[in-house]
Amino acid sequence: MNGTRKPIGVIGTGYVGLVTAVGFAEIGCEVYCVDIDPAKIAMLERGEVPIYEPGLEEMIAANSSRLHFSTSLDDMVAHARLLFVCVGTPPTHAGDADLSAVYAVVDAVPASADHVLVMKSTVPCGTGRTLKRVLAEQGKGSLAYVSCPEFLKEGSAIDDFLHPDRVVIGDEGGVAGDEVEALYAPLRAPIVRTDIASAEMIKLAANAFLATKISFINEIANVCEELDANVIDVAEGIGLDHRIGPKFLQAGVGYGGSCFTKDVSALKLLAANSGYHFQLLSSVIEVNELQKRRVVAKLQRHLDPLAGKRIALLGLAFKPNTDDMRGASSLVLASRLEAEGALVRTYDPIAETEALKVMPKLDCADSAQDVVVDADAVVLVTEWPEFLELDWSTVAGAMRGKLVIDGRNALDPEIIRAAGLVYEGIGRA
Ligand code: UDX
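This is a predicted model, so every value here is computed, not measured.

**Student:** Please clarify how the site of the ligand should be interpreted in this entry.
**Tutor:** Residues in contact with the ligand amount to 18 residues; listed here are only the nearest, F151, L152, E154, F318 and K319. Between the ligand and L152 there is a distance of 2.8 Å, counted from an oxygen atom to a backbone nitrogen or oxygen. Between the ligand and R408 there is a distance of 3.0 Å, counted from an oxygen atom to a side-chain nitrogen or oxygen. Within the complex, the protein chains bury 92% of what would otherwise be the 670 Å² of accessible surface of the ligand. If you list the elements that add at least two residues to the shell around the ligand, you get α9 (196–227) and α11 (258–273).

Structure below.
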């Protein structure tokens, strides 16, 4: 695409920041990226990417002439008008969103009528209003503010950026919202223009709804197990109804990742703080926590007692194509199994380093072939493509026991049974 588009700034070079930066560079913008972490900026300047996201490193390399990295805001402020805020908003101990990084940005930006803060970070509904008040108190009231929440999924983030289902722009009138809309125009996505609070709520409500869909199908799966029905067929049958749709109806070991875990809880607490009890979300969260533990009960039913049993976990990341371990079901599973005295070995093609940061004593094998050796049971936790292509006869030969638990309903039961193994999925008759 052409290189004549206006420069932009991106503050924060995590998943959202880097993908936003490289996405806009790809459609022709000069992008000035800032991060407070000098080690991260040094890596990026060397062309190294601090996170694993398919295609990201290649796209950064292809656009390196348009990407500028710094720990200082100066260059960015000198060149760019739209400053995209992409800093982390992790949960506090109370479950609310920790906005300290957002406030640090507000403190750092200059008082300027020539700049616009475009909030991409997920923030509670009402944050924009508060930030505008804080900016005014700091004498920065002329700085415009736009909410433009990010909906990308890890593992397919670049494609999600370039082909979004929609772009949501919340503003209070004036030209800033129009400028953000013009910036996104080459992506030809549907644009939703609204006020700031509604834009913030769209992001939280979208994640809460998707998490609700997953907890719903997981509960249907659990009932299917009691009634000898098959949740895969049930999901297909209900998903063909256009009002329901087929996506996010895969039963499994529960949803993970930073966003669902954080945003569902943040929305529930946001409602509670304003005096409303969001009953449905309490159940969505509880169902998910129980779902992560159900595999332990399945293992117990077959192998009781679990003490001394060797359990191989295939996959650690919260989903395939990422090294992100935040909220990963594997963490709950591994901890619960270890608490029962089981001997847990794990293998993940990408996430081992991140997993060891959270669980330093995790016993990690070098390959899928290695992790199953002498196992009493194998549990598929993350549906990485290489696990779907395993030779189950070889696996059966290497195992000590016969049990395979498919925590993602991603394997073919017939193939596994033909190898002489016992197959159990989630909600599959
Ligand atoms: C999510 C939202 O999809 C995205 O729009 C938002 O910007 C960030 O949060 P992400 O966390 O990257 O994205 O992962 P996603 O693909 O949505 O999966 C989340 C979790 O749900 C994963 O653990 C996945 O395995 C699980 N999942 C998903 C299911 O268990 N069943 C499903 O049918 C779909």
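Following the structure, the description resumes.
**Student:** Hey, could you run me through the environment of L421 in this one?
**Tutor:** Among the structural elements, L421 can be located in the loop between α18 (413–418) and β14 (422–424). A C-alpha to C-alpha distance of 9.7 Å links L421 and M399, two positions 22 residues apart in sequence. Apart from residues no more than four positions distant in its own chain, L421 is found in contact with W392, A396, M399, G401, K402, V404 and I416.

**Student:** Is there a simple way to think about the side chain of T322 in this case?
**Tutor:** With respect to the helices and strands, T322 occurs in the loop between β9 (310–314) and α13 (329–339). One polar contact links T322 to Y15, side chain to side chain, over a distance of 3.5 Å. Polar contacts involving the side chain of T322 include one to the side chain of E154, which spans 3.2 Å. Residues in contact with T322, not counting those within four places in the same chain, are Y15, Y52, E154, A317, I350, A351 and W384.

**Student:** Looking at this structure, I do not really get the pattern of salt bridges. What am I missing?
**Tutor:** Pairing between side chains of opposite charge can happen when the charged atoms of each approach one another. Under the criterion given, the structure shown has 28 salt bridges. Here K262 makes a salt bridge to D263, at a shortest N to O gap of 3.4 Å. D263 shares its class with K262; the two are buried. Where E354 meets K357, a salt bridge forms, and the shortest distance between an N and an O atom there is 2.9 Å. Of the two residues, E354 and K357 are both situated in helix α14 (residues 352–358); the distance of 3 residues between them amounts to about one turn of the helix. In the salt-bridge network here, residues are joined through shared partners; they are E225, R294, K298, R301 and E424.

**Student:** What is the right way to read helix α2 (residues 38–45) from this model?
**Tutor:** Three- or four-residue spacings in an α-helix give side chains the same orientation, since the helix completes a turn every 3.6 residues. The opening residue of α2, the one whose side-chain oxygen lies 3.0 Å from the backbone nitrogen of A39, is D37. Backbone geometry just after α2 places G47 at a positive phi near 85°.

**Student:** What exactly am I supposed to notice about the pairing of strand β5 (residues 116–119) here?
**Tutor:** Regular strands place side chains that alternate from one sheet face to the opposite one. Along β5, one buried face is formed by V116 and V118 and the opposite face, lined by L117 and M119, is buried too. Sheet topology places strand β4 (residues 82–85) next to β5; 4 bridges connect them, and they run parallel. Bridging across to β5, L82 finds its partner in V116. Considered for its hand, the β-α-β crossover made up of β4, helix α5 (residues 100–108) and β5 is right-handed. In this sheet, strand β6 (residues 144–147) lies alongside β5 in parallel orientation, the contact comprising 4 bridges.

**Student:** Sorry, what's going on with α5 here?
**Tutor:** When α5 is considered as a whole, its buried residues turn out to be V102, V105 and V106. The buried side chains of α5 occupy one side of the element, clustering within an arc of 100° when seen end-on. Contacts made by the buried residues of α5 are with β1 (8–11), β4, β5 and α6 (127–137).

**Student:** Is there a simple way to think about the nonpolar core in this case?
**Tutor:** Generally speaking, soluble globular proteins have nonpolar side chains that are buried together. Counting 59 residues, the largest nonpolar core has L299, I311, L313, L314, L337, V379 and W392 as the members making the most contacts within it. If sequence neighbours within four positions are ignored, V379 has contacts with V295, L299, I311, A312, L313, L314, L333 and I405. Ranked by size, the runner-up nonpolar core spans 42 residues in total, among them I60, L82, V116 and F161.

**Student:** Could you clarify how one ought to interpret unusual backbone geometry in this entry?
**Tutor:** The amide bond that connects D304 to the next residue, P305, takes the cis arrangement and shows omega of 0°. Structurally, the position occupied by P305 is in the loop between α12 (279–303) and β9. Phi angles above zero are rare outside glycine, and N321 is one such case at about 65°. Along the chain, N321 turns up in the loop between β9 and α13. A positive phi is found at D374, a non-glycine position, where the angle reads about 65°. With respect to the secondary-structure elements, D374 resides in the loop between α15 (368–371) and β12 (377–380). Given the relative accessible area of 40%, D374 is considered partly exposed.

Rules used in this analysis
Residues numbered from 1 in each chain as written. Predicted model: local features only at pLDDT ≥ 70, side-chain atom pairs only at ≥ 80, totals over all residues. Heavy atoms only, no water. Near = heavy atom within 4 Å. Polar contact = N/O pair within 3.5 Å; in protein donor to acceptor, adjacent residues only side chain to side chain. Areas by Shrake-Rupley, 256 points an atom, 1.4 Å probe, with all protein chains shown as cover. Helix = DSSP H or I, 4+ residues; strand = E, 2+ residues; numbered from the N terminus. Contact = heavy atoms within 4.5 Å. Salt bridge = Lys/Arg side-chain N within 4 Å of Asp/Glu carboxyl O. Buried < 20%, exposed > 50% of the residue type's maximum accessible area, 1.4 Å probe, protein only. Pairing = 2+ DSSP bridges. Right-handed = clockwise from strand over helix to strand, strands pointing away. Arc of directions from axis to C-beta. Core = buried A, V, L, I, M, F, W, Y, C linked by side-chain atoms within 4.5 Å.

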